Amino acid sequence: MWSVVSSGGVPAGERFDWYADIISREVMPAALSSERPADFQGEAAVVDLGDLRASKFALSPLRSRRTAALIRRGDPQQYQLALLRRGVTSMSQHRNACTVGAGDLMLWDTSRPSDNTMHADGGQVRATILMLPRDVLPLRPERLERLLARRIPGDRGIAAILASFMTALEDHAAECEPEELTRLGSVAVDLVTACLAQHLDAEDRMPAEARSEVLLRRVHAFIEHHLGDPELAPPAIAARHNISVRALHQLFQGQGESVGARIRRRRLEQCRADLGRPELAAQPVQSIASRWGFGRSEVFSRSFREAYGLTPTEFRALNAGAPAGAAAAPRLAP
């Protein structure tokens, strides 16, 4: 679950100082300044993902500086990777400088001085940030220095997959159980590693086992974000990742399920979740099935019954009769 802090309940004249104090105490010491502190509004939230954390924020334009003295006062010793969702931000660090816009990614090191200015053309800046301990990334620090304060376009390649993952994380992390959040943390590390390695031209120098693991995580993320596409199938997945269908099936060996079985299972799980939501009770069963990639109603109904021992309609009726706040658990078919 996201832990949220907001300036909304603070008197207007005190909001900027309150927010600056929260950041310095709970995140890391930083010198914040604003051209219009009396009009400042800010909200931030954080969620634990196992070995790392993710944060999101929406705030009025400001400037944030980390000096050597502030770093000595407190340093989480992290790499932080931001996906800018709205606005423009300019950063300088380690002799590098860049300006990024919505949809771009940017990396910085909390252990180095930095200067970051955010703009929003009359609105708020929004961003999602992965806060990665230095030892979770299997890339040498001296190589990562090349990417600090550099714009990473988020509209192509692995960066696009990572940006899509971070967007979904911000939108849906609140729905996940703790063990699911831990697994998402592992996926985040793999995707970040693959993205940064690609930009360092180092992907081919990673051990074969590590490359396979990263590729598998990329395929899993791709499947998750395209479950609603009825054309999602091994040939399309293989083509998207520049590998053969045979190589894709080999990648899934030892996973306990084939590519097709994973797609079917995840679609059924999403349909089951939607069928149990009271706010979707008026939606036809087939509408929910179509949303998650099932084309023919008889195929969906048969697959659902084989997986859960009930038809979709029976499951919905059973769930509707459960006590408020409790979802009925269907019997798993043998």
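Residues numbered from 1 in each chain as written. Predicted model: local features only at pLDDT ≥ 70, side-chain atom pairs only at ≥ 80, totals over all residues. Heavy atoms only, no water.

Asks: Before we go on, may I ask you to explain helix H6 (residues 208-225) in this structure?
Replies: Helical geometry: 3.6 residues make up each α-helical turn, so side chains three or four residues apart lie on a common side. An ideal rise of 1.5 Å per residue puts 26 Å on 18 residues; H6 measures up with 26 Å between its terminal C-alpha atoms. For H6, the set of buried residues is Val214, Leu215, Leu216, Arg218, Val219, His220, Ala221, Phe222 and Ile223. Next to the buried residues of H6 lie helix H4 (157-172), helix H5 (178-199), helix H7 (234-240), helix H8 (245-251) and helix H9 (259-275). (Helix = DSSP H or I, 4+ residues; strand = E, 2+ residues; numbered from the N terminus. Expected span 1.5 Å × (residues − 1). Buried < 20%, exposed > 50% of the residue type's maximum accessible area, 1.4 Å probe, protein only. Contact = heavy atoms within 4.5 Å.)

Asks: Would you explain the sheet that holds strand S10 (residues 114-119) in this entry?
Replies: Hydrogen bonds between backbone atoms are what pair the strands of a sheet, whose relative direction is either parallel or antiparallel. Spatial strand order, S2-S5-S10-S7-S8: five strands in an open sheet with antiparallel pairing. Across the chains shown, the open sheet's two edge strands, defined by having one partner strand only, are strand S2 (31-33) and strand S8 (96-101). Going across the sheet, the axis of each strand differs from the next one's by a mean of 10°, ignoring polarity. As judged from the three bridges shared by S2 and strand S5 (residues 63-66), these two strands associate in the antiparallel manner. Bridging across to S5, Ala31 finds its partner in Arg65. (Pairing = 2+ DSSP bridges. Axes fitted to C-alpha atoms, helices over the stretch in contact; angles between N-to-C directions.)

Asks: Even after reading the chapter, I still don't get the nonpolar core, so can you show me in this structure?
Replies: Generally speaking, nonpolar side chains in soluble globular proteins are found buried as a group. Residues Leu130, Leu132, Leu162 and Leu196 are the most contacted members of the largest nonpolar core, which totals 43 residues. For this core, the secondary structure elements donating two or more residues are strand S3 (42-49), strand S4 (52-59), strand S6 (78-86), strand S9 (105-109), strand S11 (125-133), H4, H5 and H6. (Core = buried A, V, L, I, M, F, W, Y, C linked by side-chain atoms within 4.5 Å.)

Asks: Explanation requested: the sheet that holds S4 in the structure shown.
Replies: Pairing within the open sheet is antiparallel, and its seven strands lie in the order S1-S3-S4-S11-S6-S9-S12. Looking at the sheet topology across the chains shown, the edges are occupied by strand S1 (3-6) and strand S12 (151-152). Those strands touched by H4 are S3, S4, S6, S9, S11 and S12, and its axis lies near 80° from that of S6. Contacts between H5 and the sheet are confined to S3, S4, S6, S9, S11 and S12, with S3 contributing the most and set at about 100° to the helix.

Asks: How should the confidence of the model for the chain be read in this particular structure?
Replies: Detail in the predicted coordinates should be disregarded across regions flagged by low pLDDT. Taken as a whole, the chain shows an average pLDDT of 88; of its residues, 94% reach a score of 70 or greater. The model gives residues 323-334 a pLDDT under 50, and that stretch makes 19 contacts with residues more than four places away or in other chains. (pLDDT = per-residue confidence, 0-100.)

Asks: In this structure, what is going on with the packing of aromatic side chains? I would like to understand it.
Replies: We describe a pair of aromatic rings using the distance from one ring centre to the other and the angle between the two ring planes. Evaluated as defined, the whole model comprises six aromatic pairs. Ring pairs connect the aromatic residues Phe294, Phe300, Phe304, Tyr308 and Phe315, which therefore count as one cluster. Sitting over the face of the ring of Tyr308, Arg272 holds its NZ or CZ atom 4.8 Å from the ring centroid. (Phe/Tyr/Trp six-rings, centres within 6.5 Å; stacked < 30°, edge-to-face > 60°. Lys NZ or Arg CZ within 6 Å of the ring centre and 35° of its normal.)

Asks: When you look at the state of the cysteines in this model, what are you seeing that I'm missing?
Replies: As used in these notes, a disulfide is a covalent bond between sulfur atoms, one from each of two cysteines. Applying the stated criterion across every chain yields a total of zero disulfides. Cysteine Cys176 remains unbridged, with the sulfur of Cys271 as its closest cysteine sulfur at 17 Å. Cys195 carries a free sulfur, and the closest cysteine sulfur to it, the one in Cys98, is 14 Å from it. (Disulfide = S-S within 2.5 Å.)

Asks: Is there a simple way to think about the pattern of salt bridges in this case?
Replies: What the rule picks out here adds up to 24 salt bridges. As a salt-bridge pair, Arg36 and Asp39 come within 2.7 Å of each other at their nearest N and O atoms. We classify Arg36 as exposed; its relative accessible area is 58%. A relative accessible area of 45% means that Asp39 is categorised as partly exposed. (Salt bridge = Lys/Arg side-chain N within 4 Å of Asp/Glu carboxyl O.)

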